[in-house]
Amino acid sequence: CEMTMWYGALIIGAPGSGKSTFTAGLSECYTQLKRDFMTINLDPANHTTPYHTDADIQELITVEDAMDRLGLGPNGALRYCMQTLSANVGWLITKIKANKGKYLVIDCPGQLELYRSEGEMDKLLRALESNGVRLCAVHLTDSLYCPDPASFVSVVMSTLSAMVALEMPQINVLSKADLFNEAEMPFTLDFYTQLPDITKLVDVLDSHPLLARYAKLNRAIGEVIQDMGLVSFTPLNVQSKADMARLICTIDKANGFQLIDKDIRDIVLQ
């Protein structure tokens, strides 16, 4: 018999990048679109989600549980929680299968070490894929990193790392774009979103007296990013309906949902 398919968005990114706010924004947009969806919180340390959760990892375990019972620190406890989820992935699959045909919005923890190849998230995603779940990763990067070239190159590298490790369609988003002030930036917003020449950022790093000693390393990092040619960003103001509608269309195209859903291009044009 034909396998039931689920489509959805996997919301990832560093802590504080706006994942939960974006998830809440998506929930509001999908409600207005009358799209049947379910929201899933996979962050065991996120106790106050600004959206209704249909499934929550904290039904299984919380960071506080792991810290109290096992004497772990915050990062170790988070990894243990994700290992627990991976070992009990049947719980999540059962939750999803009880919502047949619903679009999935999955809010994830932000710690980068969870997204390495063959890590906790990788095992979880492979299990979901084998059960008919087709996801697109949406990686959020805070635009407030833009003023500091060193910090921005660092988040570009973490974005690239997630793309390589997860091996799935990924859309990179520059969040909080409404706070981007070009007067305070070394480059325009278009430069940060398209990254036409990463070596320009490296040149700024080389001019810094404390970073000049790492010129060769900076240049090598820049060449890796440039040669891979995978990273670009979509600017997002979560309060902008036009931004949200365009991003929804892009996500639907990346995960394949656009092929079965009605055309919503008229929403973008509005």
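For the structure, check the block above.
This structure is a prediction, so every number in the text was calculated from the model and none was measured. (Residues numbered from 1 in each chain as written. Predicted model: local features only at pLDDT ≥ 70, side-chain atom pairs only at ≥ 80, totals over all residues. Heavy atoms only, no water.)

**Student:** Can you walk me through the sheet that holds strand 3 (residues 55-56) in this structure?
**Tutor:** Sheet strands pair by backbone hydrogen bonding; their relative direction is either parallel or antiparallel. Taken in spatial order, the seven strands of this open sheet run 3-2-4-1-5-6-7, and their pairing is parallel. Strands with a single pairing partner mark the edges of an open sheet, and in this sheet they are strand 3 and strand 7 (234-235). Sheet topology note: the strand 1 (residues 6-13)/strand 4 (residues 103-107) ladder contains four bridges and is parallel. When the bridges of strand 4 are listed, Ala9 appears paired with Val105. The strands touched by helix 1 (residues 19-32) are strand 1, strand 2 (37-41), strand 4 and strand 5 (133-142); relative to strand 4, the strand with the most contacts, the crossing angle is about 165°. The strands touched by helix 6 (residues 149-166) within the sheet are strand 1, strand 5 and strand 6 (170-175), with strand 6 carrying the most contacts at an inclination of about 160°. (Pairing = 2+ DSSP bridges. Helix = DSSP H or I, 4+ residues; strand = E, 2+ residues; numbered from the N terminus. Contact = heavy atoms within 4.5 Å. Axes fitted to C-alpha atoms, helices over the stretch in contact; angles between N-to-C directions.)

**Student:** Quick question: what am I supposed to make of the packing of helix 2 (residues 63-70) against helix 3 (residues 74-87) here?
**Tutor:** Two quantities define a packed helix pair, namely the angle between the axes and the distance from one axis to the other. Helix 3 packs onto helix 2 with a crossing angle of 110° between their chain directions and a minimal axis gap of 8 Å. Considering the angle they form, helix 2 stands roughly perpendicular to helix 3. The interaxial crossing formed by helix 2 with helix 3 has right-handed handedness. Where helix 2 approaches helix 3, its residues Val63, Ala66, Met67 and Leu70 are matched on the opposing element by Pro74, Ala77, Leu78, Tyr80 and Cys81. (Parallel < 35°, antiparallel > 145°, perpendicular 65-115°, else oblique. Left-handed = near helix turned anticlockwise from the far one by under 90°.)

**Student:** Sorry, what's going on with the pairing of strand 2 here?
**Tutor:** For a regular strand, side-chain orientation follows a simple rule: the groups alternate between the two sheet faces. With five of five residues buried, strand 2 is to be regarded as a mostly interior element. Both faces of strand 2 are covered, namely the face carrying Phe37, Thr39 and Asn41 and the face carrying Met38 and Ile40. In this sheet, strand 4 lies alongside strand 2 in parallel orientation, the contact comprising five bridges. In the strand pairing of strand 4, Met38 is matched with Leu104. Taken together, the two bridges between strand 2 and strand 3 define a ladder with parallel strand orientation. Bridging across to strand 3, Ile40 finds its partner in Ala55. (Buried < 20%, exposed > 50% of the residue type's maximum accessible area, 1.4 Å probe, protein only.)

**Student:** Help me understand the environment of Leu112 in this model?
**Tutor:** With respect to the helices and strands, the residue Leu112 is situated in the loop between strand 4 and helix 5 (120-130). As a C-alpha pair, Leu112 and Leu259 span 147 residues in sequence and 32 Å in three-dimensional space.

**Student:** Could you clarify how one ought to interpret helix 1 in this entry?
**Tutor:** Residues separated by three or four positions in an α-helix point in the same direction, a consequence of the helix having 3.6 residues per turn. If you check helix 1, its first and last C-alpha atoms are 20 Å apart, about what 14 residues at 1.5 Å a residue would give, namely 20 Å. Extensive coverage of helix 1 is indicated by the burial of 10 of its 14 residues. Within the sequence span of helix 1, burial applies to Lys19, Ser20, Phe22, Thr23, Ala24, Gly25, Leu26, Ser27, Cys29 and Tyr30. Elements in contact with the buried residues of helix 1: strand 1, strand 2, strand 4, strand 5 and helix 10 (241-255). (Expected span 1.5 Å × (residues − 1).)

**Student:** Which parts of the structure should I look at to understand the state of the cysteines?
**Tutor:** Defined simply, a disulfide is a covalent bond joining two cysteines at their sulfur atoms. Counted under the stated rule, the structure contains zero disulfides. In this model Cys81 remains outside any disulfide bridge; the closest cysteine sulfur is found in Cys108, 14 Å from its own. Taking the relative accessible area as the measure of exposure, Cys81 reaches 0% and is therefore buried. In this structure Cys108 is a free cysteine whose sulfur lies 12 Å from that of Cys136, the closest cysteine sulfur available. (Disulfide = S-S within 2.5 Å.)

**Student:** Whenever I open this one, the packing of aromatic side chains confuses me. Can you help?
**Tutor:** Describing an aromatic ring pair means giving the distance of the ring centres and the angle of the ring planes. One pass over the structure, following the stated rule, counts 10 aromatic pairs. On the basis of an interplanar angle of 75° and a centroid distance of 4.9 Å, the ring pair of Tyr103 and Phe257 is categorised as edge-to-face. Pair noted here: Tyr103 is in strand 4 and Phe257 is in the loop between helix 10 and helix 11 (265-269), with a separation of 154 residues, a long-range link. Taking the relative accessible area as the measure of exposure, Phe257 reaches 10% and is therefore buried. Between Phe187 and Tyr192, the aromatic rings sit 6.3 Å apart at their centres with planes inclined by 70°, giving edge-to-face as the arrangement. Clustering of aromatic rings is evident, with ring pairs tying together Phe152, Phe180, Phe187, Phe191, Tyr192 and Phe233. Its end group placed over the ring of Tyr103, Arg35 keeps NZ or CZ at 4.7 Å from the ring centre. (Phe/Tyr/Trp six-rings, centres within 6.5 Å; stacked < 30°, edge-to-face > 60°. Lys NZ or Arg CZ within 6 Å of the ring centre and 35° of its normal.)

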